[in-house]
Amino acid sequence: MGEDCRPKTGKEGMVRNTFQGEIPTNLSYCSDIQAIMLSYNNLVGKIPEELSSLSTKKLEIFYVRANELTGNIPLWLENASSLLYLSMSDNYFQGSIPSELQRLRNLLEFEISGNHLSGEVPPPIYNFSSLLVLGVSDNQFYGKIPQDIGFTLPNLLGLYVGQNQFTGHLPVSLSNASRLDEFDFASCSFTGTMPTDLGTLKDLLRFTVGGNQLETDEAEGFSFLTSLTNCSNLKHLGIGDNRFKGELPTSIANFSTTLQVITTEYNQISGSIPEGITNLIGLMRLDISGNSFTGEIPEGIGKLERLGDFRLFDNRISGAIPETIGNITKLQRFDDDDNKMREGKIKDCLVAVLTIGVSCSVEPPGKRMDMRDVVAKLCRIRNKSFRH
């Protein structure tokens, strides 16, 4: 996140080591302990019930993220009334979120993503007004996200609910959480249209809603994208695998050059690729595959010199590959299969180049093609294959 909400303890505890085995039960004798920080180790087993003696007014930090812990979320946490930071993500916890955790009303961070938890998120958790980070992604939670979450959690910096079974519409109040910088609603079953006032989230860095059943409003179209162009810090925009349709707005050119990722794959987007997209010189990944784009690749595509991944397969794009694509020296993946363009030309180009290669490697050396002829033939191949 853009703003680090984690505790400034001056200590790293036992984070990022290679500790193995179970959490020792005799840790319960440390009656004055304020922070348990055991994240990023190889700890296994359940969280000891003996630690319930630590759930006093002193314990403020409980971090066990990224281990191999199992069992349920401990019920004794409900008595840790001074707890501010709770992170149990990336383990193997099962069961549901205990409703008793609604007593932890001073929490700043509640992260339980990446487990095997299920059920509904207890409604009171959505009313922890001091909460900065709410992370429940990558579990099996279901239900709906409250429409007023932007008002009940106005201080949120990070909201992570993706990869669950949530349904319903995206909350219309999100813009009220004006400090929000990361927003993950991907891979759920959200329906309906997009809020059109998200451009007020000036600190937004990452916005992902891919893998849902979201649609464009018939009247508003892609106005939500136009609104998001006001988020000048945005780096990642993911709207793929939904039901968005229509033409991308020319306003896409107004995104900041800090934008690094655009993914719109597998929607029903039509029309040509906006020429203005070539102004987004910070792009490192552009995936528009699986749509109904027509026309040609913009001639200015070569301006995207940082682009490493460019996918546009399964569209209706035609024409030649612009010669300027050679300016993208960082390009590692260019996936253009299943378009109507270039199939014959690319084949002819490869055959011609291979023919030259054979002519340059025959024995004896005296019978090999002269280098001046090689250069001339390569120029003709270039002109034929990469120009209109």
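The structure this text deals with has already been given above.
Values in this document were obtained by computation on a predicted structure and should not be read as measured data.

What counts as what
- Residues numbered from 1 in each chain as written.
- Predicted model: local features only at pLDDT ≥ 70, side-chain atom pairs only at ≥ 80, totals over all residues.
- Heavy atoms only, no water.
- Pairing = 2+ DSSP bridges.
- Helix = DSSP H or I, 4+ residues; strand = E, 2+ residues; numbered from the N terminus.
- Contact = heavy atoms within 4.5 Å.
- Buried < 20%, exposed > 50% of the residue type's maximum accessible area, 1.4 Å probe, protein only.
- Polar contact = N/O pair within 3.5 Å; in protein donor to acceptor, adjacent residues only side chain to side chain.
- Salt bridge = Lys/Arg side-chain N within 4 Å of Asp/Glu carboxyl O.
- Axes fitted to C-alpha atoms, helices over the stretch in contact; angles between N-to-C directions.
- Core = buried A, V, L, I, M, F, W, Y, C linked by side-chain atoms within 4.5 Å.
- Phe/Tyr/Trp six-rings, centres within 6.5 Å; stacked < 30°, edge-to-face > 60°.

A. Spotlight on the pairing of strand β3 (residues 42–46). Where strand β1 (residues 20–22) meets β3, 3 bridges bridge the pair, whose relative direction is parallel. Bridge pairing links Glu 22 to Val 44 in β3. Pairing analysis gives 3 bridges linking β3 to strand β5 (residues 68–70), with the strands arranged parallel. The partner of Val 44 across the bridge, within β5, is Glu 68.

B. View of the environment of Phe 190. Within the secondary structure, Phe 190 is located in strand β15 (residues 189–193). A sequence separation of 20 residues divides Phe 190 from Leu 170, and the C-alpha atoms of the two residues are 6.8 Å apart. Apart from the residues within four sequence positions on either side, Phe 190 is in contact with Ile 145, Val 161, Phe 166, Thr 167, Gly 168, His 169, Leu 170, Phe 185, Asn 212, Gln 213 and Leu 214.

C. Seen up close, the side chain of Asn 212. Its location among the elements puts Asn 212 in the loop between β16 (206–208) and β17 (213–215). On the basis of relative accessible area, Asn 212 is assigned to the buried category, the value being 7%. Polar contacts involving the side chain of Asn 212 include one to the main-chain amide nitrogen of Phe 190, which spans 3.0 Å. Within the local environment of Asn 212, its side chain forms a polar contact with the backbone oxygen of Gly 210, the two atoms lying 3.4 Å apart. Contacts of Asn 212, omitting those with residues within four sequence positions, involve Phe 185, Ala 186, Ser 187, Cys 188, Ser 189, Phe 190, Asp 241 and Asn 242.

D. Expanded view of the environment of Leu 43. Within the secondary structure, Leu 43 sits in strand β3. Classification of Leu 43 by relative accessible area gives buried; the value is 6%. Sequence separation between Leu 43 and Phe 19 is 24 residues; the distance between their C-alpha atoms is 6.3 Å. The contacts of Leu 43, once residues within four sequence positions are left out, are Phe 19, Gln 20, Gly 21, Ile 23, Leu 38, Asn 67, Glu 68 and Leu 69.

E. Here's a closer look at the pattern of salt bridges. Evaluation of the coordinates by the stated rule reveals 8 salt bridges. Arg 285 is the salt-bridge partner of Asp 287, the closest N and O atoms lying 3.8 Å from each other. Accessibility expressed as a relative area gives 4% for Asp 287, which makes it buried. Three or more residues are tied together by salt bridges with common partners; here these are Arg 285, Asp 287, Asp 309 and Arg 311.

F. Representation of the sheet that holds β3 within the structure. Ordered by their spatial adjacency, 3 strands build an open sheet running β1-β3-β5, and the pairing between neighbours is parallel. Among the strands making up the open sheet, the edge pair consists of β1 and β5. The sheet shows a mean angle of 15° between the axes of neighbouring strands, direction not considered.

G. Here's a closer look at the sheet that holds strand β11 (residues 140–144). Pairing in this open sheet of 6 strands is parallel, and the strands run β7-β9-β11-β13-β15-β17 from one edge to the other. Among the strands making up the open sheet, the edge pair consists of β7 (94–95) and β17. In the sheet, strand β13 (residues 165–169) pairs with β15 via 3 bridges, with the strands oriented parallel. For His 169, the partnering residue across the bridge sits in β15 and is Thr 191.

H. Representation of the pairing of β13 in the model. As judged from the 3 bridges shared by β11 and β13, these two strands associate in the parallel manner. Residue pairing in the sheet places Tyr 142 in a bridge with Gln 165 of β13.

I. Region of interest: the nonpolar core. With 89 residues, the main nonpolar core has Ile 47, Phe 110, Leu 134, Phe 166, Phe 207 and Leu 228 as its most contacted residues. In terms of residues, this core owes the most to one element, helix α2 (residues 223–228), which gives 3 residues. Residues contacting Leu 134, with those up to four places away along its chain left out, are Phe 110, Ile 125, Tyr 126, Leu 153, Leu 156, Gly 158, Leu 159 and Tyr 160. Counting 9 residues, the second-largest nonpolar core is a separate cluster that includes Met 37, Tyr 63, Leu 132 and Val 133.

J. The arrangement of the packing of aromatic side chains in detail. Enumeration over the complete set of coordinates arrives at 8 aromatic pairs. Centroid distance Phe 183 to Phe 207: 4.8 Å. Interplanar angle 15°. Geometry classified as stacked. You can see Phe 183 sitting in strand β14 (residues 182–184) and its partner Phe 207 sitting in strand β16, a full 24 residues away along the chain. Three or more aromatic residues link up through ring pairs in this structure, and these residues are Phe 183, Phe 185, Phe 190 and Phe 207.

K. Representation of unusual backbone geometry in the model. In this model, Asp 138 sits at a positive phi of 60°, which is unusual for a non-glycine residue. In this fold, Asp 138 is placed in the loop between β10 (133–135) and β11. Of note in this structure, Asp 314 is not a glycine but carries a positive phi near 60°. With respect to the element layout, Asp 314 can be found in the loop between β24 (309–311) and β25 (333–335). By relative accessible area, Asp 314 is classed as partly exposed at 34%.

Note that every value here comes from positions in space, so none of it alone points to a role or purpose.
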